Amino acid sequence: MKALEGVRILDFTHVQSGPTCTQLLAWFGADCIKVERPGVGDATRGQLRDIPDVDSLYFTMLNHNKRSITLNTKNETGKSVLERLVKTCDVLVENFAPGALDRMGFGWERIQELNPRMIMASVKGFGPGPYEDCKVYENVAQCTGGAASTTGFLDGPPTVTGAQVGDSGTGLHLALGIVTALYHREKTGRGQRVLAAMQDGVLNLCRVKLRDQQRLERGPLTEYSQYGLGVPFSDATPRAGNDSGGGQPGWILKCKGWETDPNAYVYFITQAAVWQRICDIIGKPEWKEDPGYAKPEARLDKLNHIFETIEGWTRTKTKFEVMDICNPMDIPCGPILSMKELAEEPSLRETGTVVEVDHPARGKYLTVGCPIKLSESPAEVTRSPLLGEHTTEILSEVLGYSAAEVDDIRASGALGKP
Ligand code: CAO
């Protein structure tokens, strides 16, 4: 039995943030019913297509293990079907623009009237406040949540990161909120609202940068490269390039082949506990006793010189050779792995983190499987649904409409053009 078996999700999500959340719940065993606009569906079905007329990878990789029903929720018959879905499901998840559900006639009060046990979970760009009515996409959230102002190099502009901390990050936060609300409902019998705002989610992931903001008020941030270079700090947490965000200084260093391979780099951490070993492998044994280098505090104003020296060594090795030499010595480091290398990595296939899925229209493709492993509830990745693939099945088996009633619903245009 899957961990969330018996939980039914009314999945009103689209694009990335909401679908990330419901896909996780589906992997944990929830029955996830994706409600989509007839003829159109989730906009991502048609975005960034690599094969004409076939659901895009954008869509397929975010909507595994779900069922799809098409329903025009602005049509009167469609509304009555939606009402029945609300009464039947445990959780409604949505990430429409602010106000869209109210305009549809399914605001929180109405949902509670229909089903007091319902948990209504939303992703919005912002929480209550001056920007609550704004539409938001990934990079906007990265910018408004503190990620962009603290990412990039000191002498460059704010930079967004490839990790989708705004969308997928907020989807993760929302999933935790939903499971927590389900647990609460076990004890109280009542549903509740769950809100994950993208700005809040990104700021939560940038917690250490707010830490540094407050440290900055007491003096310079000595572990930032900027300190060693003598560049004065402004009044806000600066961009720190590839400096480690923690107390153990780290940098990205060139490895053999960097001139032609954009990923021939390694992340190297000069952890205090292994400093003596680092001195030995880079050919600087004299730094072990030198008072200017022996203690972490003494090294802070020389980090640039130290990392340049270590790079002199890493440039003579491939990133994997660096890893092979350093790992047995407990020196923390990690090769910069490209998407190609990750896609081909056998160990990730073995754990189900990278999975090959077969799709009736596109054939085989790779996806990222469930990154959270439950020993009693392993996730099996199944393909995303075609638009409206399960409409009839959901109307009859889940909602209990008779065949004649399904015909009437179809004739009303609620499922698309009759
Ligand atoms: N039947 C009938 N109408 C439907 C429907 C259905 N099954 N499903 C959706 N609709 C309607 C909505 O009711 C809404 O109509 P109104 O504007 O008339 O009320 C309309 O479709 C469009 O919804 P939307 O405003 O959410 O979509 P958009 O493309 O304009 O905006 C986005 C997209 C992502 C910017 C917006 O949804 C948003 O800000 N969401 C919250 C934040 C978020 O999740 N952002 C991350 C997205 S991933 O990068």
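See the structure shown above.
Residues numbered from 1 in each chain as written. Predicted model: local features only at pLDDT ≥ 70, side-chain atom pairs only at ≥ 80, totals over all residues. Heavy atoms only, no water.

## Let's talk about the environment of D408
- By the element assignment, D408 lies in helix 18 (residues 403–411).
- As a C-alpha pair, D408 and P418 span 10 residues in sequence and 9.8 Å in three-dimensional space. (Helix = DSSP H or I, 4+ residues; strand = E, 2+ residues; numbered from the N terminus.)

## A look at the side chain of T44
- Looking at the element boundaries, T44 is found in the loop between strand 2 (31–36) and helix 2 (57–60).
- You can call T44 buried: its relative accessible area is 1%.
- Apart from residues lying up to four places away in sequence, T44 is in contact with V15, S56, Y58 and F59. (Buried < 20%, exposed > 50% of the residue type's maximum accessible area, 1.4 Å probe, protein only. Contact = heavy atoms within 4.5 Å.)

## As for the site of the ligand
- Lining the immediate surroundings of the ligand are 24 residues, of which A97, R103, K135, V136 and D167 lie closest.
- With respect to the ligand, the side chain of R103 contributes an N or O atom lying 2.7 Å from an oxygen atom.
- Alone, the ligand offers 940 Å² of accessible surface; in the complex the protein occludes 84% of this. (Near = heavy atom within 4 Å. Polar contact = N/O pair within 3.5 Å; in protein donor to acceptor, adjacent residues only side chain to side chain. Areas by Shrake-Rupley, 256 points an atom, 1.4 Å probe, with all protein chains shown as cover.)

## With respect to a nonpolar patch on the surface
- A contiguous nonpolar patch, built from L154, L229 and V231 and spanning about 250 Å² of accessible area, is present on the exposed surface.
- On the secondary structure map, V231 appears in the loop between helix 10 (225–228) and strand 7 (250–254). (Patch = residues over 30% accessible without salt bridge, like charges linked within 9 Å, V, L, I, M, F, W, Y side chains within 5 Å. Salt bridge = Lys/Arg side-chain N within 4 Å of Asp/Glu carboxyl O.)

## Considering the pairing of strand 8 (residues 265–269)
- Alignment of strand 7 against strand 8, held across five bridges, turns out to be antiparallel. When the bridges of strand 8 are listed, W251 appears paired with F268.
- Pairing of strand 8 with strand 9 (residues 333–335), which is carried by three bridges, proceeds in the antiparallel orientation. Along strand 9, the bridge assignment pairs Y267 with G334. (Pairing = 2+ DSSP bridges.)

## Remarks on helix 1 (residues 17–27)
- Most of helix 1 sits inside the fold, with 11 of its 11 residues counted as buried.
- Along helix 1, the residues that are buried comprise S17, G18, P19, T20, C21, T22, Q23, L24, L25, A26 and W27.

## Describing the packing of aromatic side chains
- A complete count under the given rule lists six aromatic pairs for this structure.
- Pairing Y224 with F233 gives two aromatic rings, centres 6.2 Å apart and planes at 70°, and the pair type is edge-to-face. Just as Y224 is buried, F233 falls in that class too.
- Judged by centre distance (5.1 Å) and plane angle (10°), the rings of W251 and F307 are stacked. Here W251 is found in strand 7, whereas its partner F307 is found in helix 13 (residues 303–314), with 56 residues between them in sequence. In this pair, the class of W251 matches that of F307, namely buried.
- Grouped by ring-pair contacts, the aromatic residues W275, W287 and Y293 constitute a single cluster.
- The lysine or arginine in question, K254, covers the ring of W258, its NZ or CZ lying 4.0 Å from the ring centre.
- Its end group placed over the ring of Y293, K302 keeps NZ or CZ at 5.4 Å from the ring centre. (Phe/Tyr/Trp six-rings, centres within 6.5 Å; stacked < 30°, edge-to-face > 60°. Lys NZ or Arg CZ within 6 Å of the ring centre and 35° of its normal.)

## Structural notes on the nonpolar core
- Grouped together as the largest cluster of nonpolar side chains are 36 residues, with contacts concentrated most on I9, L25, V91, V93, L174 and I178.
- Where this core is concerned, the elements lending two or more residues are helix 1, strand 4 (91–94), strand 5 (119–124), helix 7 (167–188), strand 6 (193–197), helix 8 (198–205) and strand 10 (354–359).
- Each residue touching I9, except ones within four places of it in the same chain, is listed here: T22, L25, A30, D31, C32, I33, C89, V91 and V93.
- Counting 31 residues, the second-largest nonpolar core is a separate cluster that includes V35, I69, L71 and I394. (Core = buried A, V, L, I, M, F, W, Y, C linked by side-chain atoms within 4.5 Å.)

## Topic: the packing of helix 7 against helix 8
- Packing of helix 7 against helix 8 leaves a shortest axis separation of 9 Å and a crossing angle of 95°. Our classification of the angle between helix 7 and helix 8 gives roughly perpendicular. Contact residues: helix 7 offers D167, G169, T170 and H173, while helix 8 offers M198, G201, N204 and L205.
- Of the residues belonging to the contact of helix 7 with helix 8, the class tally is two nonpolar, five polar and one charged. (Axes fitted to C-alpha atoms, helices over the stretch in contact; angles between N-to-C directions. Parallel < 35°, antiparallel > 145°, perpendicular 65-115°, else oblique. Nonpolar A, V, L, I, M, F, W, Y, C, P; charged D, E, K, R; others polar.)

## Focus on the sheet that holds strand 3 (residues 66–70)
- The six strands lie next to each other as 3-2-1-4-5-6, forming an open sheet whose pairing is parallel. One side of each edge strand has no neighbouring strand; the edge strands of this open sheet are strand 3 and strand 6. Averaged over all pairs of adjacent strands, the angle between their axes in this sheet comes to 20°, without regard to strand direction.
- Bridge analysis of strand 5 against strand 6 gives five bridges, and the strand direction is parallel. Counterpart to V123 in the pairing with strand 6 is A196.
- Against the sheet, helix 17 (residues 391–398) makes contact with strand 1 (8–12), strand 2 and strand 3, and its axis sits at roughly 95° relative to strand 3, the strand it touches most.

## Points about the pattern of salt bridges
- Per the counting criterion, the structure on display carries 22 salt bridges.
- For R215, the salt bridge goes to E223, with nearest N and O atoms at 2.9 Å.
- Among the residues examined, R215 registers a relative accessible area of 32% and is labelled partly exposed.
- What makes E223 buried here is its relative accessible area of 11%.
- Each of R8, D31, R67 and E393 takes part in one network of salt bridges that share partners.

Coordinates in, geometry out; function isn't part of it.
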